[in-house]
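Working through the structure, step by step
In case you want the letters, here they are:
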Amino acid sequence: MSRTPALPPATLCQRCDPSRFSFETTEELEPLPGIIGQERAIEAIRFGIGIHNSGYNIYALGPAGVGKHAAVRELLQQQARDAGELSDWCYVNNFRQPARPRLLRLPAGRGSGLRDDMLQLVKELRAAIPAAFERNEYLVPLRRIEDEFEEHQRQAFAELQQEAGQHDIRLIEQPGQFTFVPLKDGKPIPPDVFASAPEEERRHFEQEVAVLQARLQEILDIRIPRWQRETRNRVRELNRKTTTLAVRPIMAALRERYQGLSEVEDYLARVEDDVIDNADAFRTPAEAARPELELQTPGSLPRRYSINLIVDNAGREHAPVIYEDKPDFNALLGRIEHTVQLGTLVTDFTQIRAGALQRANGGYLILDAHRLLAQPWAWDGLKRSLFAGEVRIESLSDLLSLVNTVSLEPDPVPLDVKVVLLGDRLLYYLLHEFDPDFAELFKVSADFDTSLQRTPDSEQLYARLLATLAAKEGLHPFDRHAIAAMIRFSMRLVEDSRRLSMHMRGITDLMQEASHHCDGEGRRLVNAGDVDHAWEARIRRHSRARDRLYEAIQRGTLMIDTDGRVIGQANGLTVVEQGDFSYGIPTRITATTRLGEGEVIDIERETDLGGPIHSKGVFILSSFLGARYARNLPLSLAASLTFEQSYSTVEGDSASLAELCALLSSLAGVPLLQSLGITGSVNQLGRVQAIGGVNEKIEGFFDICRQRGLNGDHGVVIPAANVEHLMLRDDLVEAARSGQFSIYAVDAVDQAIELLTGLEAGTEDEHGMFPEGSFNQRVQARLTELAELRRSYGEAPRQK
């Protein structure tokens, strides 16, 4: 029997040779101008930026920490330099319909100028209009109009008095009333004398007074109100003419300043008409007004004619690149604020606030997809705006009819923006599957890779990347041995000796921690020891739970054998993930077999503790048994498999090799070595397949064995396909070099069986039989025996 040899120590951990680098420290390296290892994603982003058709927004997909945000922002800022002309956006009063504020679009930088000009306009009008009403050009015509009114009134009463005198009656005017009294010899007759006058004379007087009273009422009720209306109209016209003469030169100068901006010219024309219509509001002396304070007062003149500059691009040389870190409905689309007035919520055009879409208009908006979808109505609002090509600012409470308040319907803002969503791959595929609008709006996917192929050239680029990160973060310079250690850590992080990790957050964190240790040691250069110390310190900070499990194993609370031989029992290897820390732990896998009808019971699945992938692996074991050992016989066993002392969900098929070995051991009655841990997936043909977390699994079993004392028999069986993923710790590699611990790589289950039992597995001949005494022959013999027993039990009732 040719037993599978242990792997050479050199294959257990690939290292980067510092002598490949021509530099001594990262200070000598030029900063990396771009991004490495993400050519596919960068090409997609540039395509999405360059195409201006509808719906070509970008979704940058990849796990957190690979540098999506930094890469996207850098590329967008490069493209933003070539952007076209930007605009300022303002809301102004709609004098005819105040609930529908008007939108103005101005060239970048002109919005703030218009805002200041309108504030200055109110100041000038408050000085010019009262002054115009104090000049003789106004006062003389006003006095003339008033005199004419008074003359009409005086003449009417004089005519009435004259008519009354012809009948010996006088009209006497008293405060608030008019009285007719009789005369005699031109003098009023006292009341007592008039009372004693003949009745005929008194009746004649009353008849004359009735006629005069009718004439008086006609003057008071008809003629005087008519003269008053005419006077008011003439005064109003005079006021309008005076106001126009005062306002027009000021407005003409202002319109000339914005000549060619049709929207502004139209707005200023409306302002002029409104000022003339409301001239009385400007009659307050200018020195008594403070526009800066009045801007806070609803209904005040400065507020009525103010400019609500919601987007100010003054001084901006490039297109905006906006990242909204809290993309709720209002932060994204804008909001309408309210103030309390007499217990009621009120608002006006000055309380409209821009959202991220308006601020990014003409440029680029970056959003985190998870945060966006977590905010109620935000995703729907974004889609609605992108489809419509405009942003409508509306209150979410009004949209949901939660509050009955006075609100506004501002003009929508035309939208020209490229949106970039940042998220993981799962969310991208879910949106594609369940939201048909997503494919219409985000037609460009930029898929960020998590690793870079390791070559001599890529190592040189990676060194420059690390130098750039060190300079950017203000860290101590790294010497070339530290860079080699960082590259080793990068390979460990990606679990592949042929690739380098692009998880920039994890790389940057380790560099910062190594630089911190270097600083504590009082040195200027970070060396490989600082990197190793930072790595070990990180593991120690996160390893409390792992150490408690190790302690439980050493005390026998968790039963794990690392010496001797046991039938139907194997040491499977699992990985526990806790946050950003993962570690390996051995687990006891046991199998029992008996006469049955071919079922293999997965106890984890029966108790709802097994995931679908693990259950699939158990079904594959059952298929393998029948295909190899019982092709011409009914599979007549009942088997059960379980993870002992497992109280949580088991998922994955990486333990299927250990489960199969335990099952075959139970059938053959041959014990398995407990000094070996086993990991690997198995297919229906008995081939061993690669698994994940191979380094953590090996190191976990190694730690348990080392605590109990290494004796040269301990080791781990892994799939041969995982050899290139090995990046093991130095202490484990040293134990392998000294012959205290071994790593065996297998391609097939037979190789694992030979390592675990010491027996030859055996190869079947053309008749499907295995060599006598081989392990596979024992399994085949037991299955044949079980089939015969089953048949004999089936024949007994018929014979009886």
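What you are looking at is a predicted structure, and each value in this text was computed from that prediction instead of being measured.

1. Here's the deal with the nonpolar core
If you look at the biggest cluster of nonpolar residues, it comprises 56 residues, and the most contacted ones within it are Tyr462, Phe478, Ile698 and Phe741. Put simply, the parts of the chain that give this core at least two residues each are helix H17 (456-472), helix H18 (480-494), helix H19 (504-520), helix H20 (528-542), helix H25 (694-708), strand E29 (715-719), helix H26 (730-737) and strand E30 (742-746). Looking at this core element by element, the count peaks at eight residues for H18. If we ignore the near neighbours within four places in the chain, the residues touching Phe741 are Ile698, Phe701, Phe702, Cys705, Leu710, His714, Gly715, Val716, Leu732, Ala735 and Ala736.

2. Observations concerning helix H6 (residues 199-257)
The end-to-end C-alpha distance of H6 is 84 Å, a good match for the 87 Å that 59 residues give at a rise of 1.5 Å each. Maximal helix bending in H6 amounts to about 35 degrees, located at Ile219.

3. Section: the packing of helix H3 (residues 110-132) against helix H7 (residues 262-277)
When two helices pack together, their arrangement is given by the angle between the helix axes and by the axis-to-axis distance. It is the contact of H3 with H7, at a shortest axis distance of 13 Å, that shows an interaxial angle of 25 degrees. By the criterion of interaxial angle, the relationship of H3 to H7 is roughly parallel. The two elements H3 and H7 cross, and the hand of that crossing is right-handed. In this structure, H3 contributes Leu114, Met118, Leu121, Leu125 and Ile129 to the contact, and H7 contributes Val264, Tyr267, Leu268, Val271 and Val275. Here the residues of the contact of H3 with H7 sort into 10 nonpolar, no polar and no charged.

4. Here we look at the pattern of salt bridges
Tallied over the full model, the rule gives 53 salt bridges. Among the salt bridges present, the one from Arg524 reaches Glu27, with a minimum N-O distance of 3.0 Å. Note that Arg524 is positioned in the loop between H19 and H20 and Glu27 in the segment before helix H1 (39-50), a separation of 497 residues in sequence. For Arg524, a relative accessible area of 48% puts it in the partly exposed group. Here Asp117 and Arg257 are joined by a salt bridge, their closest N and O atoms 3.0 Å apart. In this pair, Asp117 is assigned in helix H3 and Arg257 in helix H6, connecting sequence segments 140 residues apart. Relative accessible area serves as the criterion here: at 16%, Asp117 is assigned to the buried category.

5. A word on the sheet that holds strand E13 (residues 364-368)
Strands sit in the order E8-E13-E16-E1-E17 across an open sheet of five strands; the sheet is parallel. Strand pairing shows two members of the sheet lacking a second neighbour, strand E8 (321-324) and strand E17 (444-447), which therefore form its edges. On average, each strand axis in the sheet is tilted by 20 degrees relative to the strand beside it, whichever way the strands run. Here E13 pairs with strand E16 (residues 418-423) via five bridges, running parallel. Paired with Tyr364 across the strands is Lys418, a residue of E16.

6. Comments concerning the packing of aromatic side chains
Each pair of aromatic rings is reported with the distance of its centres and the angle of its planes. Applying the stated criterion to the full structure yields 18 aromatic pairs. Their ring planes at 20 degrees and their centres at 6.1 Å tell us that Trp379 and Phe442 sit as a pair that is stacked. One end of the pair, Trp379, is in helix H13 (residues 378-388); the other, Phe442, is in the loop between helix H16 (436-441) and E17, with 63 residues separating them in the sequence. Exposure class is identical for Trp379 and Phe442. Each is buried. For the pair Phe702 and Phe741, a centre-to-centre distance of 5.1 Å together with 85 degrees between the ring planes defines the contact as edge-to-face. Of this pair, Phe702 sits in helix H25 while Phe741 is found in the loop between H26 and E30, placing the two residues 39 residues apart along the sequence. Note on Phe741: relative accessible area 1%, which makes it buried. Through a chain of ring-to-ring contacts, the aromatic side chains of Tyr59, Trp379, Tyr428, Tyr429, Phe438 and Phe442 assemble into a single cluster.

7. Some points on the environment of Leu76
Within the secondary structure, Leu76 sits in helix H2 (residues 68-80). Given a relative accessible area of 0%, Leu76 falls into the buried group. Separated by 273 residues in the primary sequence, Leu76 and Phe349 place their C-alpha atoms 33 Å from one another.

8. Overview of a positive patch on the surface
A surface patch of positive charge is lined by Arg226, Arg229, Arg232 and Arg236. As for its position among the elements, Arg232 is in helix H6. A relative accessible area of 45% places Arg232 in the partly exposed class.

9. Regarding the state of the cysteines
A full pass over the atoms with the stated rule returns zero disulfides. Residue Cys13 stays outside any disulfide, its sulfur separated by 11 Å from that of Cys16, the closest cysteine. Cys13 gets classed as buried once you look at its relative accessible area, which sits at 9%.

What counts, and at which threshold
Residues numbered from 1 in each chain as written. Predicted model: local features only at pLDDT ≥ 70, side-chain atom pairs only at ≥ 80, totals over all residues. Heavy atoms only, no water. Core = buried A, V, L, I, M, F, W, Y, C linked by side-chain atoms within 4.5 Å. Buried < 20%, exposed > 50% of the residue type's maximum accessible area, 1.4 Å probe, protein only. Helix = DSSP H or I, 4+ residues; strand = E, 2+ residues; numbered from the N terminus. Contact = heavy atoms within 4.5 Å. Expected span 1.5 Å × (residues − 1). Bend = angle between axes of the 7 residues up to and from the residue. Axes fitted to C-alpha atoms, helices over the stretch in contact; angles between N-to-C directions. Parallel < 35°, antiparallel > 145°, perpendicular 65-115°, else oblique. Left-handed = near helix turned anticlockwise from the far one by under 90°. Nonpolar A, V, L, I, M, F, W, Y, C, P; charged D, E, K, R; others polar. Salt bridge = Lys/Arg side-chain N within 4 Å of Asp/Glu carboxyl O. Pairing = 2+ DSSP bridges. Phe/Tyr/Trp six-rings, centres within 6.5 Å; stacked < 30°, edge-to-face > 60°. Patch = residues over 30% accessible without salt bridge, like charges linked within 9 Å, V, L, I, M, F, W, Y side chains within 5 Å. Areas by Shrake-Rupley, 256 points an atom, 1.4 Å probe, with all protein chains shown as cover. Lys, Arg positive; Asp, Glu negative; His and termini not counted. Charge placed at Lys NZ, Arg CZ, Asp CG, Glu CD. Disulfide = S-S within 2.5 Å.

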